[in-house]
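# Residue-level structure breakdown
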Amino acid sequence: MISSGDVSPRLPYTGVVTTTKAAPYRPLTIGRHQVWPPVVLAPMAGITNVGFRQLCREQGGGIYVCEMITTVALVERNPKTLRMIAFGGGESPRSLQLYGTDPEVTAAAVRIVVERDLADHIDLNFGCPVPKVTRKGGGAALPWRRRLFARLVTAAVDAASPAGVPVTVKMRKGIDDDHLTYVEAGLAAQDAGAAAVALHGRTAAQRYSGTADWDAIATLKAALDVPVLGNGDIWEADDALRMVAHTGVDGVVVGRGCLGRPWLFADLEAAFSGSPQRRLPTLGEVATTMRRHAELLVEQFSAGARSAARGERDGCTDFRKHVAWYLKGFPVGGELRRSLAMVESLVQLDDLLGKLDPAVPFPVETLGQPRGRTNSPGKVFLPNGWLDSRDDDAVPQGAELADSGG
């Protein structure tokens, strides 16, 4: 493990991080893929579609994972799910996250991915804390049933390995502090042939509250031989350096920190390359990024639309959710914010963005602050008797999700 003294302690963000010496950052190895910088975009429902991923890729390198795909929807050839498995021309490796609870269905889904050459990398979701998932025994609840967990990972790896497609696992610490599973599950995933394991340093009970447990990530890194990735509370590029220094992980997973801030990936590439430079865009530069984001979404939605007008409207509608994240901390009036969050065309967006003052500096007080979901801890809903036996490997009834994306 690298000493935490190698990186300066956390200070108020000024756009620059001071390092006492260059850390030996290396590319992330995922099977046959070498990834630089060692950064992974976490799949986020309704966010990490083709347009958003391209926007982020234009900022810096890494692995950019598409929205979560459910195994049963893929096996049943659900039209919406098949449309979601789309990648831009320059995406490499093409990364796909699968959610499943049945080893046989998961194996069938992986075989489809392999046979149809749909992706170059498959990640398995065992981290979802949403009640509708855990109450059926899926997501973050499933590793508690250790034999079922091992069977599921093994089934995926066995189906993917003939084609050389690496399978990785993303999980949480456990159900709650009394039911931790991450070390045992990490070892089981490694034994099953997983190419890497990512750990979000929270339990399902924590959801997205509190502080991520980087000590747990360090414990998992020390226990495994395969690459380990750390996830949780990476709001700035300097947080990624601190996580690596504190835990020794081989790479980081970034989720909410990039919402409304795709340039975070430029900062991450700079940070891992040893550069102290960080982007603090003016409001005018943010407006340019917003316009590019909307344009990419319109291109994406137009590709499958019945008309160009419909594609533009759908793309702009999808863009609306990002407006508040982009403008967080900027002095933009409520009426203009509301209008931007109701935009229906690129022409309308151009007119509204033109009303912003391009010279307004970036609100540095928002740096290092949580973005996106910041809910409170809560009870984890589980199937009746779920905690009674860790060795019950029966597939939980009704745990398969019909809809991809979360």
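From a predicted model like this one, the values you see are computed outputs, not experimental measurements. (Residues numbered from 1 in each chain as written. Predicted model: local features only at pLDDT ≥ 70, side-chain atom pairs only at ≥ 80, totals over all residues. Heavy atoms only, no water.)

### Topic: the overall build of the protein
Across its full length, the protein carries 15 helices and 11 strands. For the protein, the C-alpha radius of gyration of 21 Å lies close to 22 Å, the compact-globule estimate for 406 residues. Taken along its principal axes, the extent of the C-alpha atoms in the protein is 60 × 55 × 40 Å. Buried residues in the protein amount to 57% of all 406 residues. (Helix = DSSP H or I, 4+ residues; strand = E, 2+ residues; numbered from the N terminus. Rg over C-alpha atoms; globule rule 2.2 N^0.38 Å. Buried < 20%, exposed > 50% of the residue type's maximum accessible area, 1.4 Å probe, protein only.)

### Things to note about the UniProt feature "domain: DUS-like FMN-binding" (unreviewed entry) in the protein
Those places that UniProt annotates as "domain: DUS-like FMN-binding" (unreviewed entry) correspond, in this numbering, to residues 41-348. For the annotated span residues 41-348, helix accounts for 45% and strand for 11% of the residues, and the straight-line distance between the end C-alpha atoms is 30 Å. (UniProt positions renumbered as here; feature names shortened; annotations may be inferred.)

### Concerning helix H9 (residues 237-247)
Summarising burial for H9: 10 of the 11 residues are buried, a large majority. Here H9 has its buried residues at Ala237, Asp238, Asp239, Ala240, Leu241, Arg242, Met243, Val244, Ala245 and Thr247. In this structure, the buried residues of H9 make contact with helix H8 (214-223), strand S10 (228-231), strand S11 (251-254) and helix H10 (264-272). Positive backbone phi, at 80°, marks Gly248, one or two positions downstream of H9. (Contact = heavy atoms within 4.5 Å.)

### Remarks on the state of the cysteines
In total, this model carries 0 disulfides according to the counting rule given. Cysteine Cys128 is unpaired, with the sulfur of Cys66 as its nearest cysteine sulfur at 15 Å. With no disulfide partner, Cys258 has as its closest neighbouring cysteine sulfur the one in Cys56, 5.0 Å distant. (Disulfide = S-S within 2.5 Å.)

### Re the packing of helix H1 (residues 50-57) against helix H11 (residues 283-303)
As a packed pair, H1 and H11 sit with axes 8 Å apart at the nearest point and diverge in direction by 140°. One finds that H1 runs oblique with respect to H11. Judged by the sense of rotation from one axis to the other, the crossing of H1 with H11 is right-handed. Across the interface between the two elements, Val50, Gly51, Phe52, Gln54 and Leu55 of H1 pack against Thr289, Arg292, His293, Leu296, Leu297 and Gln300 of H11. When grouped by side-chain class, the residues that make up the contact of H1 with H11 number 5 nonpolar, 5 polar and 1 charged. (Axes fitted to C-alpha atoms, helices over the stretch in contact; angles between N-to-C directions. Parallel < 35°, antiparallel > 145°, perpendicular 65-115°, else oblique. Left-handed = near helix turned anticlockwise from the far one by under 90°. Nonpolar A, V, L, I, M, F, W, Y, C, P; charged D, E, K, R; others polar.)

### Some remarks on the sheet that holds strand S6 (residues 95-99)
In space, the 9 strands of this open sheet follow the order S4-S3-S11-S10-S9-S8-S7-S6-S5, with parallel pairing throughout. A single partner strand is all that each edge strand has here, and the edge strands are strand S4 (63-64) and strand S5 (69-70). By the bridge criterion, 2 bridges tie strand S3 (residues 39-41) to S4 in an arrangement that is parallel. By the bridge assignment for S4, Val40 is matched with Ile63. The strands touched by helix H7 (residues 182-192) are strand S8 (167-172) and strand S9 (196-200); relative to S8, the strand with the most contacts, the crossing angle is about 175°. (Pairing = 2+ DSSP bridges.)

### Notes on the pairing of S11
Here S11 shows two buried faces, one formed by Gly251 and Val253 and the other by Val252 and Val254. The pairing of S10 with S11 spans 3 bridges and is classified as parallel. Opposite Asn231, over in S11, you have Val253 as the bridge partner. Between S10 and its parallel partner S11, the chain crosses via H9, and the hand of that crossover is right-handed. (Right-handed = clockwise from strand over helix to strand, strands pointing away.)

### Notes on the packing of aromatic side chains
According to the stated counting rule, one finds 7 aromatic pairs in the structure shown. Taken together, a centroid distance of 4.7 Å and an interplanar angle of 65° make the contact between Phe126 and Phe149 edge-to-face. Of this pair, Phe126 sits in strand S7 (residues 121-126) while Phe149 sits in helix H6 (residues 146-160); the two residues are 23 residues apart in sequence, bridging distant segments of the chain. As far as burial versus exposure is concerned, Phe126 and Phe149 are alike and both buried. (Phe/Tyr/Trp six-rings, centres within 6.5 Å; stacked < 30°, edge-to-face > 60°.)

### Focus: the side chain of Asp120
Structurally, Asp120 is set in the loop between helix H4 (103-115) and S7. Its relative accessible area of 13% is what places Asp120 among the buried residues. With residues up to four places along the chain from it excluded, the contact list for Asp120 reads Arg32, His33, Pro93, Arg94, Val165 and Pro166.

### So, the side chain of Asn231
Within the secondary structure, Asn231 is located in strand S10. Among the polar contacts listed, one links the side chain of Asn231 to the side chain of Lys170, at a separation of 3.0 Å. A polar contact of 3.0 Å, which involves the side chain of Asn231, links it to the backbone oxygen of Val253. Among residues more than four places away in sequence, those in contact with Asn231 are Lys170, Leu199, His200, Gly201, Ile217, Met243 and Val253. (Polar contact = N/O pair within 3.5 Å; in protein donor to acceptor, adjacent residues only side chain to side chain.)

### Structural notes on the confidence of the model for the protein
Per-residue pLDDT for the protein has a mean of 92; in total, 94% of the residues score no lower than 70. This stretch, residues 1-21, has a pLDDT under 50; its non-local contacts, to residues over four places away or in other chains, come to 46 contacts. (pLDDT = per-residue confidence, 0-100.)

### Let's talk about the environment of Pro361
With respect to the secondary-structure elements, Pro361 resides in the segment after helix H15 (346-353). Considering only alpha carbons, one finds Pro361 and Ala156, 205 residues apart in sequence, at a separation of 48 Å. Those residues in contact with Pro361 that lie beyond four places of it in its chain are Pro281 and Phe330.

### Digging into the pairing of S7
It is a general feature of regular strands that their side chains alternate between the two faces of the sheet. Most of S7 sits inside the fold, with 6 of its 6 residues counted as buried. Side chains of S7 alternate between two faces, with His121, Asp123 and Asn125 and Ile122, Leu124 and Phe126 buried alike. As judged from the 4 bridges shared by S6 and S7, these two strands associate in the parallel manner. Its bridge partner lying in S7, Leu98 is registered against Leu124. In this view, the connection linking S6 to its parallel neighbour S7 by way of H4 has right-handed handedness. Bridge analysis of S7 against S8 gives 5 bridges, and the strand direction is parallel. Along S8, the bridge assignment pairs Phe126 with Met171.

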